[in-house]
Structures are given as C-alpha cells and as structure tokens.
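# A look at the structure
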Amino acid sequence: MEVVSSHSGVSFLIWTMTVQMILCGSGVYTTESTKSCQLLSESESERKVLNRLEPLANKNFTVETKDGDDRYTYVFQLCGDAGGIPGAGVVQFDKKKPEAKPKVIGIYSATQAIGGSDWVMLIYKNGTAYGEFCGKEMRKAYIMISCNRKVDVGPLDVVLENRERVHECFYLFEMDSSAVCPPVQSQLSTGSILLIIGFCLLAVYLTGGFLYQRLIVGAKGMEQFPNYGFWVEMGNLTADGCDFMCRSRNREEAPAYRGVVAEPLEEEPEERDDHLLPM
C-alpha cells in the first residue's frame, strides 16, 4: 500500500481548495438563496430569471401605505420568510390592529418568474383568501423589478390593490434594482483595444527607459532617450530606404552635364632673363 507523505497531502488539499474557490468565483456552483423558491412549473428559463434576482435575497423590503383611516405595512422578501412568517413571500400588517393576524399576500412555494431584457416580474400566489371580495379566492402578489443602474436595490412601492373584480385580483408592487440590468456591451473594437495596449506599452517603455538612463546610467540631454543610438540608426536607415524606393532619379546613369569647376589659376612665376644680356 502506497503511503502519501504529509507534505504531498497538504499540497493536494491546498490545490483542491484553490480549484473550489476558482469554480465558485466563476459561477459554476449554483446559487442557493433562490433555491427556496418553488416554481409552479419548474423550467430552466424561469429558474434563470429567478437567479438574476440573487442580490436581493435574504433582505426584507418594507413599505407603509395609508388609505383613508386604514394604514398597512407590507413586507417582501425574495425566497425567504417575509416578516419572520414561515413560507410567506409578501405579508400585510394592519397598523391599526397590531394584534390582528398578518395577511399573507403570497407564498414563495408558489412562485412564477417572468423576465425581459431589463425587468423581472415576480409572482407569489396562494396567499390568504379574501373574505368578501374576488370570489373568496386566494391573494397573490406581483412584484415588478425594473432596471436602474444607479441603485443596487431601490425602495419597495405599492402601486395598487386590484380587488374590484370577480376573479384574478392581485397586489402590484414595484422596485428598482441594478441586478436585472443587462450587461454593458463594450463599445471598443479589437483594433482600438490593440492601439490602447500599444500606447500603454510605449508609455511604459519611454518612462522606464528615461528613468533608467537618467538615474542609473547618468545620461544627459538626448542621451536620456532609451536606446538612443539604435533609434538614430533606425531613422537613418529608414531615410535611406525611403530615398532608395521613392526617388525617381536613376542612380546608375551619370549626369548629362557636369559644370566646370571655376578654380582660380595660379600665377606662373615670372622668368627673368636679365642675366642673358651681354654686359
């Protein structure tokens, strides 16, 4: 039987934990906070819509309303016990009758999730039944969550309670959140990204080279430019190449006319023949 050393075991444990952290950070593990919500008709599309609301989980959202003498407090929680009432997704508390039993507007074990590009409609059904309205059917809540990039989670608002119907009455709530906003698409093309990277590398090269030449080598003037000799030679070679490729003059052909260089003629020394005359 092969025995694994303690050092190898520790290394393997660290490697395993690292892989798990990477997988968790990359989103391989599914979210658990929205698992508590039971969809009326389980489907992958609805579950994806529900998972978009993950940042709202484990939070109570409260709003107070006043209708004449009636005052109510509504509490909403995503896939959790709103107001501490087990199974309740949205709860109504009567402020005038604190001792009265809270009304459950909808439970998260009867959930529907409908989503668009920048909004999500969350529906909780099977709440407390009406006593005199809506054919004594069970209450349900519609929570409209709209995109707003300026806030993580906005306040909860009550839009209306539609109970002047025989059937299909509902409570409508709304709130804003950046969680349902679509991802921002990059407006930069591949060429633009490459140019930005190139300019950044050039800036690092020039700055680092200048500091090295200045502080380490002790160069002065133009010698502080990194690889100054190389770039000067490169410029000269480029100029020669451009002159060779772009000039129309034929280098092989001698010029048809060469000007005569006007050089001053040297004066010849005067010959004296006085010594030849008879004395």
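Attention in this report is confined to the structure presented alongside it. (Residues numbered from 1 in each chain as written. Predicted model: local features only at pLDDT ≥ 70, side-chain atom pairs only at ≥ 80, totals over all residues. Heavy atoms only, no water.)

### Notes on the packing of aromatic side chains
What counts here: When the centres of two rings from Phe, Tyr and Trp lie within 6.5 Å, Trp using its six-membered ring, the rings pair. Their planes under 30 degrees apart give stacked, over 60 give edge-to-face, and anything left gives tilted. Each helix corresponds to a stretch of at least 4 residues labelled H or I by DSSP, and each strand to a stretch of at least 2 residues labelled E; elements are numbered beginning at the N terminus. For a ring to carry a charge above it, either NZ of a lysine or CZ of an arginine must fall within 6 Å of the ring centroid while also lying within 35 degrees of the normal to the ring plane.
All told, the structure shown has six aromatic pairs when counted by the stated rule. Relative to F170, the ring of Y142 lies with its centre 5.1 Å away and its plane at 70°, an arrangement referred to as edge-to-face. Taken as a pair, Y142 in strand β6 (residues 141-147) and F170 in strand β8 (residues 170-177) lie far apart in primary sequence, 28 residues in all. The side chain of R139 reaches across the aromatic face of Y130, ending 4.3 Å from its centre. The ring of F133 has R163 sitting right over it, with the charged end atom 4.2 Å from the ring centre.

### What about the sheet that holds strand β3 (residues 88-94)?
We apply this condition: Whether two strands pair comes down to DSSP finding at least two bridges between them. For helices, the axis comes from a line fit to the C-alpha atoms of the stretch in contact; other axes are also lines fit to C-alpha atoms, and the angle between any two N-to-C directions lies between 0 and 180 degrees. In what follows, residue pairs with any heavy atoms lying within 4.5 Å of each other are defined as contacts.
Sheet architecture is open: eight strands sit in the order β1-β2-β3-β4-β5-β6-β8-β7, paired in mixed fashion. Of all strands in the sheet, those with a lone pairing partner are β1 (60-67) and β7 (157-162), marking the two edges. Taken over all neighbouring pairs, the strand axes of this sheet differ in orientation by 25° on average, direction set aside. Pairing between strand β4 (residues 103-115) and strand β5 (residues 119-126): seven bridges, direction antiparallel. Of the residues in β5, the one forming a bridge with G115 is V120. Contacting β4 and β5, helix α2 (residues 44-51) runs over the sheet at an angle of about 110° to β4.

### Things to note about the pairing of β8
Short version of the rule: For the exposure calls, accessible area comes from a 1.4 Å probe over protein chains only, and a residue counts as buried if that area is under 20% of its type's maximum, exposed if over 50%, partly exposed in between.
In terms of burial, β8 is a largely internal element, six of the eight residues being buried. Across seven bridges, the pairing between β6 and β8 is parallel. For Y142, the partnering residue across the bridge sits in β8 and is L172. As judged from the five bridges shared by β7 and β8, these two strands associate in the antiparallel manner. For E161, the partnering residue across the bridge sits in β8 and is Y171.

### A word on the state of the cysteines
Operational definition: What counts as a disulfide here is a pair of cysteine sulfur atoms lying within 2.5 Å.
Tallying each qualifying case throughout the model produces three disulfides. Across the disulfide, C37 is cross-linked to C79 (sulfur-sulfur distance 1.9 Å). Measuring the twist about the S-S bond at about -110°, one finds the C37-C79 disulfide to be left-handed. Of this pair, C37 sits in the loop between α1 (6-25) and α2 while C79 sits in the loop between β2 (70-77) and β3; the two residues are 42 residues apart in sequence, bridging distant segments of the chain. Neither residue differs from the other here; C37 and C79 are each classed as buried. Note that C147 is cross-linked by a disulfide to C181, the S-S spacing being 2.0 Å.

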